[in-house]
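# Working through the structure, step by step
Spelled out from the first residue to the last, the chains are:
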Amino acid sequence: MGLIGAIAFGAGVLTSTPAHADTCAANTACSTTTTFDVTAGVLDITVPDTADLANDAAPGENAYGQLGAITVNDERASATPTWTASVDMTGTTGFTTAGGDGAGEVIPETSVYYFSGDATATTGDGTFTAGQPGTFTEPPTTPQGQTLAASRTAYGHTGGTGNNSATWNPYITAALALSNVSGQYTGTIAHTVV
């Protein structure tokens, strides 16, 4: 019984012997081909759920403030990691209050301005380009940036390789008409990255 157990144990030892990559004579380099994978992720954009512009205004003046951090993460590990982040209010009625049905209850997207400014942070190589570069002047005596009556470039990246990211905190300015009534105005600003 002990002999059978010894034979079975010996067989187990023989089958667990690792395979050799190569057998080489003394003083000869013995090579092992080694591999691993660089993994690829996705391209995505992160935006705040809600925002409250810090500076309210009276009719005929400019309400303004920062929207909050917008971040594009490009984890595609690409040889050509080009992307463009766009922003718009198209398809909406702009900012409205009290349902937006009465006179003076709408600030149309033609009166809403987007100013991306320079990035607050970037990672990776290549060229990062702001849609509306520079520094926002507070308070804005005139609206700065581009109206959201059409899709606008918020930020973009070209060149380089591998992964990258960019974060910016855009300013929104709403140019109020003299006819606007009092109230809290609400609108939707949408970002997309491709």
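So, here's what we can say about the structure. (Residues numbered from 1 in each chain as written. Predicted model: local features only at pLDDT ≥ 70, side-chain atom pairs only at ≥ 80, totals over all residues. Heavy atoms only, no water.)

### Description of the overall build of the chain
Here is the rule we go by: Runs of E in the DSSP output that reach at least two residues are strands. Runs of H or I that reach at least four are helices, and both are numbered from the N terminus. Whether two residues are in contact is decided by their heavy atoms, any of which lying within 4.5 Å being enough. All accessibility values rest on the Shrake-Rupley procedure with a 1.4 Å probe; residue burial counts only the protein chains present in the view.
Looking only at helices and strands, the chain has one helix and 14 strands in total. Across the chain, the fraction of contacts at a sequence separation of at least 24, relative to all contacts at a separation of at least 6, is 78%. Here the chain displays about 11400 Å² of accessible surface, and carbon together with sulfur accounts for 54% of that area.

### Focus on the environment of Thr97
Tracing the backbone through its elements, the reader meets Thr97 in the loop between strand S5 (95-96) and strand S6 (106-107). Residues Thr97 and Ile107 lie ten residues apart in sequence; the distance between their C-alpha atoms is 9.0 Å. Setting aside residues no more than four positions away along its own chain, Thr97 makes contact with Glu105, Val181, Ser182, Gly183, Gln184 and Tyr185.

### Quick word on the side chain of Ser111
Positionally, Ser111 belongs in the loop between S6 and strand S7 (112-115). Residues within four places of Ser111 in sequence aside, it is in contact with Thr173, Ala174 and Ala175.

### Digging into the environment of Ala58
Following the sequence through the fold, Ala58 ends up in the loop between strand S1 (43-46) and strand S2 (62-66). Considering only alpha carbons, one finds Ala58 and Asn180, 122 residues apart in sequence, at a separation of 8.5 Å.

### Some words on the nonpolar core
For the record, the criterion: Buried Ala, Val, Leu, Ile, Met, Phe, Trp, Tyr and Cys residues that are joined via side-chain atoms within 4.5 Å together make up what is termed a nonpolar core. Relative accessibility thresholds used throughout: buried, under 20% of the residue-type maximum; exposed, over 50%; partly exposed, between the two (1.4 Å probe, protein chains only).
Grouped together as the largest cluster of nonpolar side chains are 25 residues, with contacts concentrated most on Trp83, Ile107, Val112, Tyr114 and Trp168. Of all the elements in the fold, those that place two or more residues in this core are strand S3 (70-78), strand S4 (83-88), S7, strand S9 (127-130), strand S11 (152-158), strand S12 (162-168) and strand S13 (171-175). In terms of residue count, the dominant contributor to this core is S4 (three residues). Contact partners of Val112, with chain neighbours within four places excluded, come to Met89, Phe95, Ile107, Gln146, Thr147, Leu148, Ile172 and Thr173.

### Details of the side chain of Thr147
Tracing the chain through its elements places Thr147 in strand S10 (residues 146-147). With near-sequence residues (within four places) excluded, Thr147 lies in contact with Glu109, Thr110, Val112, Tyr113 and Arg152.

### Observations regarding the packing of aromatic side chains
Stated precisely, the cut-off is as follows: Whether two aromatic rings pair depends on their centres lying within 6.5 Å, for rings of Phe, Tyr and Trp, where Trp uses its six-membered ring; planes under 30 degrees apart make the pair stacked, over 60 edge-to-face, and the rest tilted.
Tallied over the entire structure, the rule returns four aromatic pairs. Plain terms: the ring middles of Phe136 and Tyr171 are 4.0 Å apart, the flat faces sit at 5° to each other, and that makes the pair stacked. With a gap of 35 residues between them, Phe136 in the loop between S9 and S10 and Tyr171 in strand S13 connect regions that are remote in the sequence. No difference in accessibility class separates Phe136 from Tyr171, as the two residues are buried. Ring pairing ties together the aromatic residues Tyr64, Phe115, Phe136 and Tyr171, which thus form one cluster.

### What about the pattern of salt bridges?
To keep it simple, the criterion reads: A side-chain nitrogen of Lys or Arg and a carboxyl oxygen of Asp or Glu constitute a salt bridge if their distance falls within 4 Å.
Enumeration over the complete set of coordinates arrives at one salt bridge. Close ionic contact of Arg76 with Asp74 constitutes a salt bridge, the shortest N to O distance being 2.8 Å. When its relative accessible area of 28% is taken as the criterion, Arg76 is described as partly exposed.

### Describing the sheet that holds S1
The following threshold applies: What makes two strands pair is DSSP finding at least two bridges between them. For every element, the axis is a line fit to its C-alpha atoms; helices are fit only across the contacting stretch, and the angle between N-to-C directions ranges from 0 to 180 degrees.
Strands sit in the order S1-S3-S12-S8 across an open sheet of four strands; the sheet is antiparallel. This sheet does not close on itself; its edge strands, each paired only once, are S1 and strand S8 (121-123). Direction aside, the axes of adjacent strands within the sheet are offset by 5° on average. Where S1 lies against S3, four bridges are found, and the strand directions are antiparallel. Looking at S3, one finds that Thr46 is bridged to Thr71.

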